[in-house]
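# Architecture and fold: a report
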Amino acid sequence: MGAVRAGAALPAALTSAFAALPHDMAATARGAVQDIAYRTMRRLGTVDWLIKQRVSKAPPPPVTNLLACALALLVDDEAHAAYTPFTVVDQAVRAIGARRDVAFAKGLVNAVLRGFLRERESALAAAQANEVARWNYPQWWIDAVRRAWPDRWQAILEAGNTQGPLTLRVNARRTSVADYLQRLGEENIAATPIGEHAVRLAAPLPVDRIPGFMAGDVSVQDAGAQIAAQIMDVRDGMRVLDACAAPGGKSGHLLELADIDLIALESDATRAARIGENFERLGFSADQAEDDAQHPAWHARVVIGDAGAPASWFEGELFDRILADVPCSASGIVRRHPDIRWLRRQSDIEALVQEQRRIVDALWALVKPGGELLYVTCSIFPEEGEAQASWFESTHADAVRLDAPGQLLPAADGAPAGGPDYGAASVARPDADVQHDARPVPDRTADHDGFFYARFQKR
Ligand SMILES: C[S@@+](CC[C@H](N)C(=O)[O-])C[C@H]1O[C@@H](n2cnc3c(N)ncnc32)[C@H](O)[C@@H]1O
């Protein structure tokens, strides 16, 4: 908690915290720590506001953070099933008592938590008047979403506070959605089809318990993210660049769809290693190609380099397709990464906009005449979406904008994030009724994160 408040991403903070724990600590205890940390990120606005109301002088950070975690379990009706209030208070008081440096705050922790439980309804009602406490996002983020999506901003913020489903991508080289659903049925795992290759599990499962995951029959990928490879229309023999590729989700999907010659480019060497691991699991590693008696028609390479500076890695042969899944605010995937909203600063958006422009500008020169570039972000901020697509179209005379979903707002259980019914999915343009003709997007029952898609063909 303290590490995230100091700017670390939650997964990295948890990895460091777990490394400091005893090795024999049960996996279930680690699971519980992770669950509490994620719940706290989704309720941080409320719990920080409650702490301020109840404590006149700010306690030391470990005490505030422990109070935040405990309150996050007490404010949430749904958390009650897993964590009873009595246990939460008891464990919180014991935890603080066990730390010599802050044991003096035992009484304070006890008083704050019990006081909250006594006045829970009225305290939560009072929190509604404060926007950060009500929505659990920083004020600038709430204002930005309201400005961009005036008729559905509340639904978008709410969708970001839910826990995303576990969605799988079925490997089209190995099996079909229908066959995989049957396989799940045989193992009593409930699931529904939600896209051309997408299957949503009714309840989350660790990856090692997902049938066929280790063998590469399926991958974990949100239904909204699966649209990228689907609309790129890759065909056998094409030369394809995935310019911002780690951890390789969309690269893997592209290789599953056609025998292409793919370069998966990534600037971060540590993250690039994960592309290799994914290719290995799916059967697309260089070794697997060499071992194959019949030389495979696909070809896949991981290259480390800056997409915005091709001189250091480009070998001279233009591409039929380029996927520019550029670095962005990640504001469309906050339900899976609830820490992002607290880590981002408003000033990050303009810096990201400039970086996105630098990257697509450089990549456009590498597209063959008649070839296509797909611009993708997992953002819901129009500055990174429609405004970028319009900028690109107006500054590149040789670019023709093709059909693509445009803005996909996050939606849960087939309910688009408010606003008019856009048919195939919650596809929308900011402050306009127009939308691009939808290509294959998740069907009406889809449950997906927020993305932006724009597709350009070179004249
Ligand atoms: C949105 S993620 C890509 C997700 C990936 N396409 C997938 O589906 O699994 C963006 C990636 O771009 C990388 N990146 C950021 N700046 C880059 C640059 N200038 N050149 C290449 N990669 C970059 C980041 O490290 C990050 O791994």
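## Some words on the overall build of the chain
Tallying secondary structure elements over the chain gives 19 helices and twelve strands in all. For the chain, the C-alpha radius of gyration of 24 Å lies close to 23 Å, the compact-globule estimate for 459 residues. For the chain, the C-alpha atoms occupy an extent of roughly 70 × 50 × 45 Å along the three principal directions. Looking at the chain residue by residue over its 459 residues, the buried ones come to 52%. Entry remark: accessible area of the chain is about 20000 Å², with carbon and sulfur atoms responsible for 53%. Measuring between centres, the 48 positive side-chain charges of the chain sit 7 Å from its 60 negative side-chain charges.

## Quick notes on the environment of Leu-74
Relative to the helices and strands, Leu-74 is located in helix α5 (residues 61-75). Residue Leu-74 is classed as buried on the basis of its relative accessible area of 0%. As a C-alpha pair, Leu-74 and Ala-330 span 256 residues in sequence and 28 Å in three-dimensional space. If we skip the residues at most four places from it in the chain, Leu-74 touches His-80, Pro-85, Val-88, Leu-113, Phe-116, Leu-117 and Arg-120.

## Things to note about the site of the ligand
Taken together, the neighbourhood of the ligand is formed by 20 residues, with Glu-266, Arg-271, Asp-306, Ala-307 and Asp-325 sitting nearest. Gly-248 places a polar main-chain atom, nitrogen or oxygen, 3.3 Å from an oxygen atom of the ligand. Within the complex, the protein chains bury 85% of what would otherwise be the 600 Å² of accessible surface of the ligand. Looking at the shell around the ligand, the elements that each hand over two or more residues are α14 (249-257) and α18 (346-364). Examining the composition of the shell around the ligand, we find that three residues originate from one element, α18, more than from any other. Along the lines of polarity and charge, the residues of the shell around the ligand split into eight nonpolar, four polar and eight charged.

## Brief notes about unusual backbone geometry
Backbone torsion omega between Ala-246 and Pro-247 reads 5 degrees, so that peptide bond is classified as cis. As for its placement among the helices and strands, Pro-247 is situated in the loop between β5 (239-242) and α14. Of note, Asn-136 is a non-glycine position whose phi angle comes to about 65 degrees, a positive value. Position of Asn-136 relative to the elements: it lies in the loop between α9 (131-135) and α10 (139-148).

## So, the domain arrangement of the chain
For the chain, the assigned domains read domain 1 (2-136), domain 2 (167-220) and domain 3 (223-458). The partner domain 3 presents 23 residues to the 21 residues of domain 2 that form the contact. Where domain 2 abuts domain 3, roughly 1600 Å² becomes buried across the two surfaces, and 39% of that area is made up of carbon and sulfur atoms. Summed over the shared surface of domain 2 and domain 3, the number is three salt bridges. Here Arg-173 ties to Asp-259 by a salt bridge, and the two come within 2.8 Å at their closest N and O atoms. Taken together, the connections running from domain 2 to domain 3 amount to 13 residue pairs in polar contact (both at pLDDT 80 or more). Contributions of two or more residues to the side of domain 2 that touches domain 3 are made by β1 (166-170), β3 (198-201) and β4 (218-220). The leading source of residues in the side of domain 2 that touches domain 3 is β1, at four residues. Its residues assigned to classes, the side of domain 2 that touches domain 3 comprises ten nonpolar, six polar and five charged.

## Notes on the nonpolar core
Trp-141, Val-145, Leu-254, Ile-260 and Tyr-453 are the most contacted members of the largest nonpolar core, which totals 53 residues. Of all the elements, α10 adds the most residues to this core, at six residues. Contacts of Trp-141, omitting those with residues within four sequence positions, involve Leu-157, Ser-331, Val-334, Ile-340, Arg-341, Arg-344 and Phe-381. Listed in part, the 41 residues of the second largest apolar core include Val-4, Val-47, Val-89 and Ala-127.

Here is what the cut-offs are and how they apply
- Chains are numbered independently. Their residues run from 1 in the order of the written sequence.
- In view of the model being predicted, local features appear only for residues whose pLDDT reaches at least 70, and side-chain atom pairs are presented and counted only at 80 or more, with totals across whole chains, interfaces and linings using the full set of residues.
- Hydrogens and water molecules were not included; the side-chain quantities draw on all heavy atoms of the structure.
- Secondary structure counts use DSSP, requiring at least four H or I residues in a row for a helix and at least two E residues in a row for a strand, with both numbered from the N terminus.
- Just to be clear, the radius of gyration here is over C-alpha atoms, and the globule rule we use is 2.2 Å times residues to the power 0.38.
- Relative accessibility under 20% of the residue-type maximum defines a buried residue, over 50% an exposed one, and the middle range a partly exposed one, all with a 1.4 Å probe and only protein chains included.
- Each accessible area is a Shrake-Rupley result for a 1.4 Å probe, and residues are judged covered by the shown protein chains and nothing else.
- By the counting scheme adopted, Arg and Lys are positive, Glu and Asp are negative, and His together with the chain ends is not counted.
- Lysine's charge is taken at NZ, arginine's at CZ, aspartate's at CG and glutamate's at CD.
- We call two residues in contact whenever any of their non-hydrogen atoms come within 4.5 Å of each other.
- Whether a residue is near a molecule or strand is decided by its heavy atoms; if any one of them lies within 4 Å of it, the residue is near.
- Nitrogen and oxygen atoms within 3.5 Å of one another constitute a polar contact, given that in protein one can donate a hydrogen and the other can accept it, and given that sequence-neighbouring residues count only through two side-chain atoms.
- As a working rule, the residues Ala, Val, Leu, Ile, Met, Phe, Trp, Tyr, Cys and Pro are called nonpolar, Asp, Glu, Lys and Arg charged, and the rest polar, with Gly in that last group.
- Per the annotation, domain bounds derive from an automatic or database assignment of domains.
- When two parts are brought into contact, each loses some accessible area as probed by a 1.4 Å sphere; the total of that loss over both is the buried area.
- When a carboxyl oxygen of Asp or Glu is within 4 Å of a side-chain nitrogen of Lys or Arg, the pair counts as a salt bridge.
- Side-chain atoms within 4.5 Å link the members of a nonpolar core, which is a set of buried Ala, Val, Leu, Ile, Met, Phe, Trp, Tyr and Cys residues.

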